[in-house]
Amino acid sequence: MPSSDRRQFLQQAASAGIALSSSSLLSSSVLGESASSGSRLSAQTSAPNTGDVVRVYVDSRRVIAPLDRNLFGSFLEHLGRAIYEGIYEPGSKLADANGFRKDVLSEIRQMGVPIIRYPGGNFVSGYNWLDGVGPKESRPRVLDKAWDSINSNQFGTNEFMAWCKAVGTEPLMGLNLGTGTAEDAAALVEYCNTDQGTKWSDLRRKHGFAEPYKVKQWCLGNEMDGPWQIGHMTATEYGMKAQDAARQMRYVDPSLQLIACGSSGPFMPTYLEWDREVLEQCYDYVDGLSLHRYFTNAPADTGGDSSKFLAMNLSMEQQISETLAVCDLVRGHKRSPKQLWLSFDEWNVWYRARAGDAVHGHHQEAPHLLEEVYNLEDALLVGGLVNSLLRSANRVKVACLAQLVNVIAPIMTNENGLLRQSIYYPYNWALQYARGSVLNLLVESPTYEVAKMGQVPYIDVAGTMNPQDGKVGLFVLNRDLSKAHVVEINWQDKAPGQVLTSSVLTGTDLKAFNTFEAPQKVMPQTFAKPSTNAGRTKFEVPARSYTVIQWSA
């Protein structure tokens, strides 16, 4: 998670001529040129349709990959009010006996978030996990230098594990490879995963937790390429440290899945070269590589052009493609039989709460930091990003919407309850209706010109089919700001059953947003259930919309 120093770095980089715009990833021919992603992107726009009807061809026998549910994970960092006043608030009328917010706990359990990254983020690079375990009265109050905030350490590893169990999610644990050592990382694995009879497992049992947690997935540091990061180092230095940590961790638990720290994003001058140098050191010792990305509609990135903003999910796919190319290059150099997967463990829209008091804690406990207010167009892009992740499911196995509560989040809290921001809805639809395998769709859509991106399809479609129950889900983004489009689904092998779910997120004001006083300004509307005849389903999606439809077998 970037801090205010990151913003300063970006400003300096921009003045030095580094391309910061997310659109710079895409050349005018990106929609069919990339070797890795071209099949996906060109499938979206194959044989562009210049007529009025958008045609989508669905064949349940043609799939991209089985869907790993961890593709729709999230993230909680000791930052602002994400933990304190977010998921944990002892003394609140809404808290249970453990201090967990009951309203938030119930909401996340209902959503079914599969995996949650913790405890950071920039925070983790200066975090001593021992400060957050043991008797609460003995835990130190410390200064979190990443966010200039006070951390009371009343919520730590054991509290997080208990909360994960309560909401039915898996932990994705982040490790301090900034000020921390490889030995520290192995010690935390031992504390979490070893049953008994060792120094750290016996300490966990002494703290009152007899059963090991068996945490499987671990992130080896956070944004270590960033000059803003505590413990920032060169790629080779980090790669060697990650290798050492991975070896020591696997001595404790050979079953771990380990994620190396990739580049912080395309704005970095070391983008991709960092990834290559890191993997040259640790490829044989890790299973995945991380990516991060925040999308903006700021003047520097889109000129405030909403039509360009809504195309930015395609640059996510380009970033994935480029990163995979580096992974596979190193694989070739090493002649390794192992293929790495990607963990897109920070992604979201974020560009408003990025300066001043929004990123400086001023030595306060649980300050209001990064509390981005999301509008309709933000939600539409998040829907597009969901579609892009689905189309990338063959190599992206973990992804985390950053973050989950209060901090650049779909859910906000106050003393009386919670609020669903606009981006909550497309994310929740993915959790509820994307099941089984990701379909390899052929979409014929009219296009529009976007500067530095070329021709972009108005209609962006992704879908899944669950072989267990035969349910099909389609997710349709209409980027057209002024015109509805007729969509015709052509069922190639078999027509679906009845429509189970049909909802749309749309509105006349792209800048509309929800508040505690007006919580329903942006929320799903019922979408007329389309009928299927002679193997075809036809319906009209409104302008500026994201639609989900689910059919039975």
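For every chain, the first residue of the written sequence is number 1, and numbering continues from 1 along that sequence. Residue-level local features of this predicted model are given only where pLDDT is at least 70; pairs of side-chain atoms are given and counted only at 80 or more, and the full residue set underlies all totals for whole chains, interfaces and linings. Hydrogens and waters are ignored; side-chain quantities use all the structure's heavy atoms.

A. The arrangement of the overall build of the protein chain in detail. Helix and strand assignments come from DSSP, with helices taken as H or I runs of at least 4 residues and strands as E runs of at least 2, each series counted from the N terminus. The number of helices and strands found in the protein chain is 14 helices and 27 strands. Radius of gyration here uses only the C-alpha atoms, and the compact-globule reference equals 2.2 Å multiplied by the residue count raised to the power 0.38. The C-alpha radius of gyration of the protein chain comes to 23 Å, within 12% of the 24 Å expected for a compact globule of 553 residues. Reported as C-alpha extents along the three principal axes, the dimensions of the protein chain are approximately 70 × 55 × 50 Å. Each residue gets one of three labels from its accessible area relative to the maximum for its type: buried under 20%, exposed over 50%, partly exposed in between, using a 1.4 Å probe on protein chains only. Across the 553 residues that make up the protein chain, the buried fraction comes to 63%. Only heavy atoms matter for contacts: two residues are in contact if any of them lie within 4.5 Å across the pair. Considering only residue pairs separated by 6 or more positions, the protein chain has 77% of its internal contacts joining residues 24 or more positions apart. Here the protein chain displays about 19600 Å² of accessible surface, and carbon together with sulfur accounts for 49% of that area. Computed with a 1.4 Å probe, the accessible areas rest on the Shrake-Rupley method; for each residue, only the protein chains presented here act as cover.

B. Quick peek at the nonpolar core. To qualify as a nonpolar core, a set must consist of buried Ala, Val, Leu, Ile, Met, Phe, Trp, Tyr and Cys residues joined through side-chain atoms within 4.5 Å. Counting 141 residues, the largest nonpolar core has Trp163, Trp218 and Tyr238 as its most contacted members. For this core, the element with the most residues is helix H13 (residues 376-391), which contributes 9 residues. What Trp218 contacts, discounting residues up to four positions off in sequence, is Leu172, Met173, Leu175, Leu188, Val189, Cys192, Asn193, Met249, Leu256, Gln257, Leu258 and Ile259. Residues Val461, Val472, Val476 and Val541 belong to the second largest nonpolar core, which totals 22 residues.

C. Spatial organisation of the side chain of Arg117. In this fold, Arg117 is placed in strand S4 (residues 115-118). The contact partners of Arg117, leaving out residues within four places of it in the chain, are Ser74, Phe75, Leu76, Leu172, Cys219, Asn222, His292, Asp345, Glu346 and Cys400.

D. Structural detail: the confidence of the model for the protein chain. Taken residue by residue, the protein chain gives an average pLDDT of 92. The fraction at 70 or more is 91%. Each residue carries a pLDDT score, the predictor's own confidence in it, on a scale running from 0 to 100. Counting contacts from residues 13-47, a segment whose pLDDT is below 50, to residues more than four positions away or on other chains yields 81 contacts.

E. A look at the sheet that holds strand S23 (residues 499-505). DSSP bridges decide pairing: two strands pair if at least two such bridges lie between them. The strand order S2-S16-S20-S21-S27-S23-S24 describes an open sheet built from 7 strands, whose pairing is antiparallel. Because the sheet does not close on itself, it has two edges, and the strands there are strand S2 (63-66) and strand S24 (525-526). Sheet analysis places S2 next to strand S16 (residues 437-439), joined by 3 bridges and oriented antiparallel. Directly across from Ala65, in S16, lies its bridge partner Val438. In this description, a line fitted to the C-alpha atoms serves as the axis of each element, helices being fitted only across the stretch in contact, and the angle between N-to-C directions of two axes falls anywhere from 0 to 180 degrees. Sitting on the sheet, H13 touches S2, S16, strand S20 (459-465), strand S21 (472-478), S23 and strand S27 (545-551), and the angle it makes with S20 is about 50°.

F. Helix H5 (residues 157-167), seen in detail. Of all 11 residues making up H5, 8 are buried, and the element is well covered by its neighbours. Those residues of H5 lying buried are Thr157, Asn158, Glu159, Phe160, Met161, Trp163, Cys164 and Val167. The secondary structure elements touched by the buried residues of H5 are helix H4 (102-111), S4, strand S7 (170-174), helix H6 (182-193) and helix H7 (199-206). Directly beyond the C-terminal end of H5, a positive phi value near 80° is found at Gly168.

G. Spotlight on empty space enclosed by the protein. Method remark: on a 1 Å grid restricted to protein atoms, a set of points is classed as a cavity if a 1.4 Å probe fits but cannot get out and as a pocket if it is open with protein on both sides within 12 Å along at least five of seven lines; lining residues have an atom within 4 Å of a point. Grid points are joined across faces, edges and corners, and a volume is the space filled by probe spheres set on the points. Within this structure, the stated rule accounts for 5 cavities of 30 Å³ or more. By volume, the largest cavity amounts to about 100 Å³. For the largest cavity, the lining is made up of 14 residues, of which His78, Leu79, Gly80, Tyr84 and Ile150 are closest to its centre. Counting residues per element, the lining of the largest cavity draws most heavily on strand S6 (residues 149-151), at 3 residues. Each residue is assigned to one of three groups, with Ala, Val, Leu, Ile, Met, Phe, Trp, Tyr, Cys and Pro labelled nonpolar, Asp, Glu, Lys and Arg labelled charged, and all others, Gly among them, labelled polar. In terms of residue class, the lining of the largest cavity is built from 8 nonpolar, 4 polar and 2 charged.

H. Examining the packing of aromatic side chains more closely. Pairing of aromatic side chains requires ring centres within 6.5 Å, counting the rings of Phe and Tyr and the six-membered ring of Trp. Pairs whose planes differ by under 30 degrees are stacked, by over 60 edge-to-face, and all others tilted. All chains considered together, the criterion is met by 19 aromatic pairs. Pairing Phe123 with Tyr127 gives two aromatic rings, centres 4.8 Å apart and planes at 40°, and the pair type is tilted. Accessibility expressed as a relative area gives 11% for Tyr127, which makes it buried. Ring geometry for Trp228 and Phe267: centres 6.2 Å apart, planes at 35°, overall tilted. Residue Trp228 is located in the loop between strand S8 (217-220) and helix H8 (235-252), and its partner Phe267 is located in the loop between strand S9 (257-260) and helix H9 (273-282); the two are separated by 39 residues in the primary sequence. Judged on exposure class, the residue Trp228 and its partner Phe267 are both buried. Clustering of aromatic rings is evident, with ring pairs tying together Tyr84, Tyr88, Phe100, Tyr118, Phe155, Phe160 and Trp163. Here the guanidinium or amino end of Arg354 rests over the ring plane of Trp350, the centre of that ring lying 4.6 Å away. As a reminder, the over-ring test applies to NZ of lysine and CZ of arginine, requiring each to be within 6 Å of the ring centre and within 35 degrees of the ring normal. The ring of Tyr424 has Arg420 lying over it, and the distance from NZ or CZ to the ring centre is 5.5 Å.

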